[in-house]
Amino acid sequence: MAQFAVIGLGSFGATVALELTKLHHDVIGIDTIKRNVENLADQITHAVIADATDEHVLDELNIQNCDAVIVAIGEDIEASILCVLNLKNLGVEKILVKAKTKAHHTILSHLHVHKIIHPEEDMGVRVAQALNYPMVSRYMELDHDHYIIKVPVNQKLNHINLSGILAQEPNIKLLLLKREQQIIYETDSNFTLQTGDVLILEGLLIHLKKMSGCFS
């Protein structure tokens, strides 16, 4: 179990705090707005009304002992930057920050935080990808144009030979197949798909695009 702090408990920050709690981590949530803190008081480890722009307050909360701190302050860019500077001064090494604007991003990049997050932009990309490739239920970008994707098997592919599909694009690698509660890492040439199977595939976007027609 790790210890995390989430500063700013609006929609994004609250979601992060709750999800980390579900994953059985110790989470301290911090916000200046009483209502935001009260909404999470019974759902995360600690919820505190405090001003993260005050370094002494963060020090008293032992924020420097956290494995990572997520700065999810939304509209107040100045407060976000001051908070990051305070965390740096306290020796926090892993700082993830929600950026509101390009200027905000630029300033944060000069502060060398661990990760800059653009939740609205990231969600926009995911929505566009979901519309463009409806057969893909999840995807993870490994690097530029290199992805791992999750593809549910529909009725169209029921009883279709898996090797025949994979042979259409040999540059795509099957990482695993999930059938009900069973995880299958290796299949033979006679293996046939069943509706409800889930394929986890890896490859370059250009090759995945070529193969997308097989699953639509």
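Please refer to the structure placed before this passage.
Read on for a plain summary of the structure. (Residues numbered from 1 in each chain as written. Predicted model: local features only at pLDDT ≥ 70, side-chain atom pairs only at ≥ 80, totals over all residues. Heavy atoms only, no water.)

For helix α1 (residues 11-22), spanning 12 residues, the distance from its first C-alpha to its last is 17 Å, which sits close to the expected 16 Å at 1.5 Å a residue. Listing the buried residues of α1 in full gives G13, A14, V16, A17 and L20. Seen from one end, α1 has its buried residues packed into an arc of 160°, which puts them on one side. Of the exposed residues in α1, those oriented more than 90 degrees away from the buried face are S11 and K22. Looking at the packing, one finds that the buried side of α1 touches β1 (3-7), β2 (26-31), α2 (34-40) and β4 (68-71). (Helix = DSSP H or I, 4+ residues; strand = E, 2+ residues; numbered from the N terminus. Expected span 1.5 Å × (residues − 1). Buried < 20%, exposed > 50% of the residue type's maximum accessible area, 1.4 Å probe, protein only. Arc of directions from axis to C-beta. Contact = heavy atoms within 4.5 Å.)

Attention shifts here to the sheet that holds strand β8 (residues 146-152). Judged by pairing direction, the sheet is antiparallel, and its 5 strands sit side by side in the order β7-β8-β11-β9-β10 without closing on themselves. Either end of the sheet is taken by a strand with one partner, and the two such strands are β7 (138-143) and β10 (182-184). Put simply, the sheet's adjacent strands are angled 15° from each other on average, direction ignored. As paired elements, strand β9 (residues 173-179) and β10 share 3 bridges and run antiparallel to each other. Of the residues in β10, the one forming a bridge with R179 is Q182. (Pairing = 2+ DSSP bridges. Axes fitted to C-alpha atoms, helices over the stretch in contact; angles between N-to-C directions.)

The geometry of a pair of packed helices is captured by two quantities: the angle between their axes and the separation between those axes. At a minimum axis separation of 11 Å, helix α4 (residues 77-89) and helix α5 (residues 102-110) run at an interaxial angle of 10°. One way to sum up the angle between α4 and α5 is to call them roughly parallel. Contacts from I77, S80, I81 and V84 of α4 reach α5 at H104, I107 and L108. (Parallel < 35°, antiparallel > 145°, perpendicular 65-115°, else oblique.)

A few words on α4. With 13 residues, α4 ought to run about 18 Å at 1.5 Å a step, and its terminal C-alpha atoms sit 18 Å apart, in line with that. Among the residues making up α4, those that are buried are A79, S80, I81, C83, V84, N86 and L87. Of the surrounding elements, those touching the buried residues of α4 are β1, α3 (55-60), β4, β5 (95-98) and α5. Taking the backbone nitrogen of E78 as reference, a side-chain oxygen 3.3 Å away marks D76 as the first, capping residue of α4. Of the residues one or two after α4, G91 is the one with positive phi, at around 90°. (Polar contact = N/O pair within 3.5 Å; in protein donor to acceptor, adjacent residues only side chain to side chain.)

Considering all chains together, one arrives at 2 salt bridges under this definition. When the shortest N-O distance is used, the salt bridge between E38 and K34 registers 3.7 Å. With E38 and K34 both in helix α2, this residue pair falls 4 residues apart, about one helical turn. In this structure, D197 and R179 form a salt bridge, with 2.7 Å as the shortest nitrogen-oxygen distance. Here D197 is found in the loop between β10 and β11 (198-204), whereas its partner R179 is found in strand β9, with 18 residues between them in sequence. Note on D197: relative accessible area 2%, which makes it buried. (Salt bridge = Lys/Arg side-chain N within 4 Å of Asp/Glu carboxyl O.)

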